[in-house]
Amino acid sequence: MNRLQNEFLDSWVKSIAAVTTPDNVVICDGSSEEIRALETKMVADGTFIELNGSKYPHSFLHRSHPSDVARTEQLTFICSEKKDDAGPTNNWMSPDEATSRVWPLFSKCMAGRTMYVVPYLMGPADSPNARVGVEITDSAYVVANLRVMTRMGDVALRRLGTSANFVKGLHSLGDLSPERRFICHFPETRTVWSIGSGYGGNALLAKKCHALRLASVEARDEGWLAEHMLIVGITDPKGRTTYLAAAFPSGCGKTNLAMLIPSLPGYKVETIGDDICWMHVGSDGRLRAINPEAGMFGIAVGTSMKTNPNAMRAVGHDAIFTNVAVTPEGTPWWEGMDPANPRGVAGMTDWRGRVVGPDRTEPAAHPNARYTVSLRQCPSVGAGMDEPAGVPISGIIFGGRRAKKAPLVFEATSFAHGVYVGATMVSETTAAATGATGIPRHDPMAMLPFCGYNVGDYFKHWLEMGPKLKHPPKIFHVNWFRQGKNGSFLWPGFGENIRVMQWMIDRIHGDTDARSTLLGYVPTKTGINLNGLDMGGAAYDDLFDVDAEAWAEEAESHLKFLRTFGSRLPEALVQEQGALVRRVAEARASASSAKVAAK
Ligand code: GTP
Ligand code: SPV
Ligand code: MN
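Along each chain, residue indices are assigned from 1 in the same order as the chain's sequence is written. Chain A is the first chain written and ligand 1 is the first ligand written, with later ones labelled in order. Side-chain atom pairs in this predicted model are given and counted only at pLDDT of 80 or more, local residue features only at pLDDT of at least 70, and totals for whole chains, interfaces and linings cover all residues. As a rule here, side-chain values come from all non-hydrogen atoms in the structure, and water together with hydrogens is ignored.

Caption draft 1: Spatial organisation of the overall build of the protein. A run of DSSP states H or I qualifies as a helix once it reaches four residues; a run of E qualifies as a strand once it reaches two. Both are numbered from the N-terminal end. The number of helices and strands found in the protein is 15 helices and 31 strands. Burial status follows relative accessibility: with a 1.4 Å probe on protein chains alone, a residue under 20% of its type maximum counts as buried, one over 50% as exposed, and anything between as partly exposed. The burial tally for the protein puts 61% of its 599 residues in the buried class. Every residue pair with non-hydrogen atoms within 4.5 Å of one another is taken to be in contact. Taking as baseline every contact in the protein between residues at least 6 positions apart, the subset at least 24 positions apart corresponds to 73%. The Shrake-Rupley method, run with a 1.4 Å probe sphere, supplies the accessible areas, and residue values consider only the shown protein chains as cover. With the model as given, the accessible surface of the protein reaches about 22700 Å², and the carbon-plus-sulfur share is 52%. Charge centroids of the protein, computed over 62 positive and 63 negative side chains, lie 3 Å from each other. For this count, His and the chain ends are skipped, Lys and Arg are scored as positive, and Asp and Glu as negative. Where a charge lies is defined by one atom per residue type: Lys uses NZ, Arg uses CZ, Asp uses CG and Glu uses CD.

What follows is the structure, given as structure tokens:
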């Protein structure tokens, strides 16, 4: 092993190698020669299957262990010294317990394997807000993904210089047994230990572990925000470019919205990020957002030329596919890819590697199958992705997947109200994490699985950010997933979402009126462009109806959820809840007097 120039990194690497006893140690430089050699090795040992090179140049399929296909939230821990600092929404393990229960699993875990040392930079290379991390891993697949997902190798070492300021991530596949799988975060020492999984957010420690769980703690301490948000810039027919950031839970539409192709003429969409957003107070008094990542780890299922042409074009070359199916001609396949041909072709191999026919009873691709691809390959990528100061954010969107209750869009009446709207978000669970799907749960700011500290303190931190801004963003809530009586989505979504974005942009610039409801402002009947839209018979009222009876129940559930934070719950959110209850009561009273008048 070459001696690392940075003495802190060098001694950490040596200490880990002494425990994990790899056969050899490779310090990754991020070069293309290095990655080509790794790919060759992975093809030889079966980790990678090379796809049809004339249709999908330089692209690979990886099949993860069938018990290792999504984030495992129940095996994810915040290991703060004090339990209260992890809060009621996180699993907590004391650092002492982690040392006795988890650390021994790393003993000799890399015997017979190669240990890769992967330095990476989160954020544009020239950004003062970028951060360095180093992941030690025994998975070549992880290295290949990090090379796409981050600015990896020498660029990060140069940035680090002689500093001790880097996040230390230790990852091993272990024996891949869920019994011995742990993802432990130590915010006080900026360290992650992950063992027993090779999949996504469990194993690519730069992503959720560093850029959200640990970064959220740093952001609280330093006065910024680390959020589970996409970043998108929209230039409208008036020539204005407006940047928005949107927090939707996993599997709820971030990647799609980040690169939508507008169904209305005269718009240009620039993708800055599709999953994670770090926002600082800029010298101009605005929130400034950078995307700490450089690539996408996107959901394959449902992605098609109809729903997301930009993603389809992005994955056409130099891509890694995980747990998709493959056709006999060696091209990747997933449910929803080709709506004209919903069951694919004969002789496909499913995500587990079994040859399956059109009569199969299970999906051919895993519902959480993903593609890994550089954001630079996305046709809509914006130059703002490399802007050191970040892009100015004028609007923040919260949103969930809700069959009922939540209208297509509403606007919060103040920054504090917007924080309440984010704090009380509810969304149905998806295949992005193991466990049942379709179950509504509270997912504050889409950060339930990703906030590295007590969410009560996180709410306080959000509330404190507003007054620091000379130009606070407007805050909205959207729901693309409201269902009609027959259980189908009322809103066509995808490229048609530009109509909702247009309304929000017009609100930001003071160009359109709104109607007041108990939730906040919604578009007037003429304020949102629904012209020429095929909504299967649904109308404005179906999209924007706010049912006071349903929201009376919902407001109670908000309070119950907020009370779980005990003394850490900021009083301002209790006030907002009281105000919602009053607005619900007023709406019920006026609805019943309207009924009396009609009699
Ligand atoms: P993560 O990568 O897990 O964080 O997910 P994400 O938030 O990036 O979600 P993504 O954009 O990948 O979408 C998840 C699923 O929702 C896919 O199956 C999409 O096809 C579907 N979806 C996205 N946008 C819309 C929409 O506007 N309407 C409908 N009906 N479905 C959508
Ligand atoms: C998510 O679940 O929010 C993802 C996928 O983006 S993972 O990288 O597994 O976290
Ligand atoms: Mn995500």
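Caption draft 2: Representation of the site of ligand 1. Residues are counted as near a molecule or strand when any one of their heavy atoms sits within 4 Å of it. Near ligand 1 you find 22 residues, and of these Gly251, Gly253, Lys254, Asn256 and Arg370 are the closest. Contacts to ligand 1 include Gly253, whose backbone N or O atom sits 2.8 Å from an oxygen atom. Contacts to ligand 1 include Asn256, whose side-chain N or O atom sits 2.7 Å from an oxygen atom. When ligand 1 is considered free in solution it has 650 Å² of accessible area, and contact with the protein chains removes 91% of it. With 3 residues, helix H8 (residues 254-258) is the largest single contributor of residues to the shell around ligand 1. Any N or O atom pair separated by 3.5 Å or less is treated as a polar contact, with the protein-specific requirement of one donor-capable and one acceptor-capable atom, and with residues adjacent in sequence counted only for side-chain atom pairs.

Caption draft 3: A look at the packing of aromatic side chains. Two rings belonging to Phe, Tyr or Trp (six-membered ring only in the last case) form a pair when the distance between their centres is within 6.5 Å. Interplanar angles under 30 degrees mark stacking, angles over 60 mark edge-to-face geometry, and anything in between is tilted. A full pass over the atoms with the stated rule returns 21 aromatic pairs. On the basis of an interplanar angle of 80° and a centroid distance of 6.0 Å, the ring pair of Tyr56 and Phe321 is categorised as edge-to-face. Placement of Tyr56 in the loop between strand E2 (49-50) and strand E3 (60-62) and of Phe321 in strand E19 (residues 320-322) is noted, with a sequence separation of 265 residues between them. The exposure class assigned to Tyr56 is buried, which follows from its relative accessible area of 13%. By relative accessible area, Phe321 is classed as buried at 0%. Between Tyr540 and Phe544, the aromatic rings sit 4.9 Å apart at their centres with planes inclined by 35°, giving tilted as the arrangement. Highlighted residues: Tyr540 and Phe544, both in helix H13 (residues 540-544), separated by 4 residues, approximately one helical turn. We classify Tyr540 as buried; its relative accessible area is 9%.

Caption draft 4: Structural context of the domain arrangement of the protein. Where a domain begins and ends is set by an automatic assignment or by a domain database. Taken domain by domain, the protein holds domain 1 (7-30 + 72-222) and domain 2 (226-294 + 381-584). Using C-alpha coordinates to define each centre, domain 1 is positioned 31 Å away from domain 2. Accessible-area loss on putting two parts together, using a 1.4 Å probe and summing over both, is the definition of buried area adopted here. In total, domain 1 and domain 2 occlude about 3000 Å² of area from one another, counting both sides; carbon and sulfur atoms represent 55% of this. Considering only the side of domain 1, the residues that lose the most area to domain 2 are Glu73, Thr89 and Leu212, jointly responsible for 19% of the buried surface there. A carboxyl oxygen of Asp or Glu within 4 Å of a side-chain nitrogen of Lys or Arg is what we treat as a salt bridge. At the junction of domain 1 and domain 2, the tally comes to 7 salt bridges. Of the charged contacts in the structure, one is a salt bridge between Arg441 and Glu73, with a shortest N-O distance of 3.0 Å. Run the count over domain 1 and domain 2 and you get 19 residue pairs in polar contact (both at pLDDT 80 or more).

Caption draft 5: The side chain of Ser304, seen in detail. Position of Ser304 among the secondary structure elements: in the loop between strand E18 (295-299) and helix H9 (309-314). On the basis of relative accessibility, which here comes to 1%, the residue Ser304 falls in the buried class. Excluding residues within four positions of it along the chain, Ser304 makes contact with Pro309, Met312, Gly336, Met337 and Pro339.

Caption draft 6: Structural view of a negative patch on the surface. The grouping of Asp541, Asp542, Asp545 and Asp547 at the surface amounts to a negative patch. Here Asp545 shows up in the loop between H13 and helix H14 (548-563). Overall, the relative accessible area of 41% leaves Asp545 in the partly exposed class. Only residues whose relative accessible area exceeds 30% and that take part in no salt bridge are eligible for patches, with like-charged residues grouped when within 9 Å of each other and nonpolar side chains (Val, Leu, Ile, Met, Phe, Trp, Tyr) grouped when within 5 Å.

Caption draft 7: Quick peek at the site of ligand 2. Taken together, Arg71, Gly200, Gly201, Lys207, Lys208, His228, Ser250, Asp275, Phe297, Arg370, Ala432 and Phe450 make up the full set of residues adjacent to ligand 2. One of the side-chain nitrogen or oxygen atoms of Arg71 is found 2.9 Å away from an oxygen atom of ligand 2. A distance of 3.4 Å separates an oxygen atom of ligand 2 from a polar atom in the side chain of His228. Listing elements by their share of the shell around ligand 2, those giving two or more residues are helix H6 (200-203) and helix H7 (206-222). Looking at the shell around ligand 2 residue by residue, the class counts come to 3 nonpolar, 4 polar and 5 charged. The classification used treats Ala, Val, Leu, Ile, Met, Phe, Trp, Tyr, Cys and Pro as nonpolar, Asp, Glu, Lys and Arg as charged, and all other residues, Gly among them, as polar.

Caption draft 8: Representation of the coordination of the manganese ion (ligand 3) in the model. Each metal's donors comprise the N, O and S atoms found within 2.8 Å of it (within 3.2 Å for Na, K or Ca). Water is not part of the atom list, so some coordination spheres may appear incomplete. Within the protein, the manganese ion (ligand 3) binds to His228 (NE2) and Asp275 (OD); these donor distances fall in the range 2.0 to 2.7 Å. Here His228, found in the loop between strand E12 (225-227) and strand E13 (230-235), pairs with Asp275, found in the loop between strand E15 (268-273) and strand E16 (277-281); they are 47 residues apart in sequence, far enough to count as distant. Under the relative-accessibility criterion, Asp275 is labelled buried at 8%.

Caption draft 9: Seen up close, the environment of Asn454. Position of Asn454 relative to the elements: it lies in the loop between strand E28 (440-442) and helix H11 (455-465). On the accessibility criterion, Asn454 (2% relative accessible area) is buried. For the pair Asn454 and Leu257, spaced 197 residues apart in sequence, the C-alpha separation works out to 29 Å. Look past the residues within four positions of Asn454 in its chain and what remains in contact with it is Asp84, Asp85, Ala86, Gly87, Pro88, Phe565 and Arg568. Among the polar contacts made by the side chain of Asn454, one reaches the main-chain carbonyl oxygen of Asp84 at a distance of 2.8 Å.

Caption draft 10: Structural context of the environment of Ser172. Within the secondary structure, Ser172 sits in strand E9 (residues 167-172). Within polar-contact distance, the side chain of Ser172 engages the side chain of Asp138 at 2.6 Å.

Caption draft 11: Representation of the pattern of salt bridges. Using the criterion set out here, one finds 38 salt bridges in the structure. Three or more residues joined by partner-sharing salt bridges are found here, namely Lys207, Lys208, Lys254, Asp275 and Glu293.

Caption draft 12: Region of the structure containing the nonpolar core. Working definition of a nonpolar core: buried Ala, Val, Leu, Ile, Met, Phe, Trp, Tyr and Cys residues. They are joined through side-chain atoms within 4.5 Å. One finds Ile393, Phe459 and Trp462 to be the most contacted residues of the largest nonpolar core, which totals 130 residues. The element best represented in this core is H7, accounting for 8 residues. Mapped onto the domain boundaries, this core takes at least three residues apiece from domain 1 (7-30 + 72-222) and domain 2 (226-294 + 381-584). The residues touching Trp462, leaving out its near neighbours within four places in the chain, are Leu225, Glu227, Met229, Ile396, Phe398, Phe415, Val419 and Met445. Among the nonpolar cores identified, the runner-up in size contains 30 residues, and Trp12, Ile16, Ala130 and Ile136 belong to it.

Caption draft 13: Representation of the pairing of E13 in the model. Most of E13 is tucked away: 6 of the 6 residues are buried. Here E13 shows a buried face lined by Leu230, Val232 and Ile234 and a second buried face lined by Ile231, Gly233 and Thr235. Two strands are said to pair when DSSP picks up at least two bridges between them. Bridge count for E13 against strand E14 (residues 241-247) is 6 bridges, and the pairing is antiparallel. Residue pairing across strands places Thr235 opposite Thr241, the latter belonging to E14. Hairpin geometry of E13 and E14 is characterised by an intervening segment of 5 residues between the two adjacent antiparallel strands and by a positive phi of about 90° at Gly239. Where E13 lies against E15, 5 bridges are found, and the strand directions are antiparallel. Opposite Ile231, over in E15, you have Gly273 as the bridge partner.

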